[in-house]
Amino acid sequence: MSEQPKLRLLVGKVGLDGHDRGAKIVARAFRDAGFEVIYTGLHQTAEMVVNTALQEDVDAISLSILSGAHNHLFPKVIGLLKEKGAQDIQVFGGGILPDEDIASLKEAGVMEVFTPGASMKEIIEWVRANIKSRRLD
Amino acid sequence: MKKHDGQMKPRQSRNKDEWERTTLAEQLDRAGERPADFSTVSSLPIERLATSEDLDGWDPGTDLGLPGEYPYTRGIHPTMYRGRLWTMRQFAGFGSAADTNERFKYLLDHGQTGLSTAFDLPTLMGRDSDDEMAEGEVGKEGVAIDTLADMERLFDGIPLDQVSTSMTINAPAAVIFCMYLAVAEKQGVSFEKLNGTLQNDILKEYIAQKEWIYPPRPSMRIITDLMAFCTRHVPKWNTISISGYHIREAGSTAVQELAFTLADGIAYVQAGIDAGLDVDAFAPRLSFFFNSHNDFFEEIAKLRAARRIWARVMRERFGAKQERSWKLRFHTQTAGCSLTAQQPHNNIVRVTVQALAGVLGGTQSLHTDSYDEALALPSDDAVTVALRTQQILAEESGVTNTVDPLAGSYFVESLTNRVEREALDYIERIDAMGGIVAAIERGYPQKEIADASYKYQHQLEDGSKTIVGVNKYVAENETRPRILRIDDSVGHKQIERLARVKAERDADRLDATLAALRNGAEGDENLIPLMLDAVRAHATVGEVCQALVPVFGTYQESSVL
């Protein structure tokens, strides 16, 4: 009997934004929920995040952005994943961002965006339902 | 007196214990209490009732004192808001230097005399607008400053001897300050006439806000150089605004905010003394900046305790002789992190309660947050409501008529004592580690805050703490208010301006000043005059900051989850 492998998630802070309260809470909640978690730490470029994701062979990247640069940074990470042939690494995230931007981010390939007030429980349930291990097939 | 037949003698318990056994016990038998968690937002348990017994050993003469007198528990001014209202200082800054300059002039024309400057994220990190990391962030959350030319545009037509300027910047604070000095020189204003405040509090960056360049120890050297320079040449300048605000926003408790902020203050004072400065020459130029969160009495207790602890630290620990060194002056801002994206108008009420706590806590100045801040940058309408909230407190509520109206309340005084005691416990622990710099290096305050914020998040999710509109009284189908957006063209234009300055400046002079700065850093020369030379030669913020990296190194946080 093979069990489903543990999900490996990268929690990333990209850009100069130093707000890490949410990222740290989410990372810790993922760990307590039984996922394997890698936290990038602060002030990463999109390239650094994607390289870490590849090296760590994660199933998904969860980005936290509170600087207002989300329309720039989410698509950049997704573009780099495609460039490196790793488009099967899913990208989702959260932060302070206006509703109307969420639709365009989803069009750009962001799977889900959580905004202030989202609960840890809700995020974890979403991950369980939507992120599949890449190491199954 | 007439005796009424059959009248019972009223029960009047002699003490709390007797009351608990009689009147209270009967009530609890009949009805009990709500199954609520009676504790503050920071999880400080709160007793049902405070009485005079909670103040055993507390001396109103020495522990409370009178307004304007040591230890300033009741406020630093004898008349408080009867003398002068607090300064209503709303923080602003956006887009290009010219946009913000226009806003400054508008505010000055309407009677404001204090300017408060918000810088964009790249500037706060010591990065130029053309830096790869700055992409998408130029001019978004504040004004973009790259060179002296931007600073000249920011203060164009504003005589610097007639305004006071607050600049919220930390890691590159000395560079921005040098640009301000260079603008003053060009206006023919002498440095002693300059009036204003630099935030310049690098220690809370490592603890909470996370906008750093160098490791803590070389950063402390730049700060002591700046304190020494200002003591001699810019005596009216407030050199550091020691900030608990960001510590709280990062998820700390009220006690942690107080303790870590005062521990930072202690480190700056010690650094100044170690650098050979007279404590009474620089301490009066230090000020503080606190958060005001939802828990009304806890916030008031925190602010009252802050004044008492600081007065005693300055007098007893550092031997400061002047009253001005003992007085803790502070700015308050309402808690951005308490605002909700859901039902945003509820935030107006939260801000009102928080602002009132700041006022009853004796603040010198106040920023009230805008109700739409959990959604995006504040809109004009929301900024106006925020300012009106302060004006209503000041001119309609009546709370300004008397000084420190809560003094002597069994509850407020005992809570003040309790918050003070718990903060002093933290400070003792930090002292035992070798001070806050050593504590930061081992991740201690960072871990304490992360634990507190994780715990609070769990309390929200299990419902033991309430946020109206988020985990209780949730509304379906909300409409969101209109929000302000900053155009990306602001960034493109800024990068073009920067390229022009770089093409036009004297490259040899620039290189010479940057080399001199690096050499100075290798020795123990005061770095401020050297930075001033570099910005006069049109060095960018990024170039000045990078010039010191070979000597000082850069800071890498070992992330604590």
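Check the entry above for the structure.
Before going into details, it helps to say that this report is about the structure given with it. (Residues numbered from 1 in each chain as written. Chains lettered and ligands numbered in written order. Predicted model: local features only at pLDDT ≥ 70, side-chain atom pairs only at ≥ 80, totals over all residues. Heavy atoms only, no water.)

## Examining the overall build of chain A
1) Next: For chain A, the helix and strand inventory stands at five helices and five strands.
2) Next: For chain A, the N- to C-terminal ordering of α and β elements is β-α-β-α-β-α-β-α-β-α.
3) Next: Taken over the C-alpha trace, chain A has a radius of gyration of 14 Å; the compact-globule value for 137 residues is 14 Å, and the two agree within 12%.
4) Next: The dimensions of chain A, computed from C-alpha atoms along their principal axes, are 45 × 35 × 25 Å.
5) Next: Considering only residue pairs separated by 6 or more positions, chain A has 70% of its internal contacts joining residues 24 or more positions apart.
6) Next: For chain A, the accessible area works out to roughly 5,800 Å², and carbon and sulfur atoms hold 49% of it.
7) Next: Averaged over its 16 positive side-chain charges, chain A has a centre that lies 5 Å from the centre of its 19 negative ones. (Helix = DSSP H or I, 4+ residues; strand = E, 2+ residues; numbered from the N terminus. Rg over C-alpha atoms; globule rule 2.2 N^0.38 Å. Contact = heavy atoms within 4.5 Å. Areas by Shrake-Rupley, 256 points an atom, 1.4 Å probe, with all protein chains shown as cover. Lys, Arg positive; Asp, Glu negative; His and termini not counted. Charge placed at Lys NZ, Arg CZ, Asp CG, Glu CD.)

## A word on the interface of chain A and chain B
1) Next: Taken residue by residue, the interface counts 40 residues in chain A and 43 residues in chain B.
2) Next: Here chain A and chain B share an interface that buries about 3,200 Å² over both sides, 54% of which is from carbon and sulfur atoms.
3) Next: Broken down residue by residue, the surface that chain A buries against chain B is led by Leu 16, Arg 21 and Arg 28 of chain A, which jointly contribute 25%.
4) Next: Our enumeration of links across chain A and chain B arrives at three salt bridges.
5) Next: Among the ionic pairs, Glu 135 of chain B bridges to Lys 76 of chain A, the shortest N-O distance being 3.6 Å.
6) Next: Taken together, the connections running from chain A to chain B amount to 12 residue pairs in polar contact (both at pLDDT 80 or more).
7) Next: Counting residues per element, the ones that place at least two in the side of chain A that touches chain B are α1 (21-32), α3 (70-83), α4 (99-107) and α5 (120-130) of chain A.
8) Next: For the side of chain A that touches chain B, the element with the most residues is α1 of chain A, which contributes eight residues. (Buried area = accessible area lost by both parts, 1.4 Å probe. Salt bridge = Lys/Arg side-chain N within 4 Å of Asp/Glu carboxyl O. Polar contact = N/O pair within 3.5 Å; in protein donor to acceptor, adjacent residues only side chain to side chain.)

## Focus on the pattern of salt bridges
Oppositely charged side chains can form a pair if their charged atoms are brought close together.
1) Next: Applying the stated criterion across every chain, the model contains 40 salt bridges over all chains.
2) Next: Overlapping salt bridges bring together Asp 20 and Lys 24 of chain A together with Lys 210 and Glu 557 of chain B as one network.

## Points about a negative patch on the surface
Residues and elements named next belong to chain B.
1) Next: A surface patch of negative charge is lined by Glu 20, Glu 47, Glu 53, Asp 54 and Asp 56.
2) Next: Considering the arrangement of structural elements, one finds Glu 53 in the loop between α1 (16-30) and α2 (60-64).
3) Next: Take Glu 53: its relative accessible area is 37%, and that puts it in the partly exposed class. (Patch = residues over 30% accessible without salt bridge, like charges linked within 9 Å, V, L, I, M, F, W, Y side chains within 5 Å. Buried < 20%, exposed > 50% of the residue type's maximum accessible area, 1.4 Å probe, protein only.)

## Considering the sheet that holds strand β6 (residues 240-243) of chain B
Residues and elements named next belong to chain B.
1) Next: Pairing in this open sheet of five strands is parallel, and the strands run β1-β9-β8-β7-β6 from one edge to the other. Edge positions in the sheet fall to β1 (87-88) and β6, since each of these pairs with one other strand and no more.
2) Next: Bridge count between β6 and strand β7 (residues 286-292): four bridges; the pairing is parallel. Across the sheet, residue Ile 242 finds its bridge partner in β7, namely Phe 288.
3) Next: The sheet strands contacting helix α13 (residues 296-317) are β7 and β8 (330-334), and the helix crosses β7 at an angle near 160°. (Pairing = 2+ DSSP bridges. Axes fitted to C-alpha atoms, helices over the stretch in contact; angles between N-to-C directions.)

What is shown is where atoms sit, not what they do.
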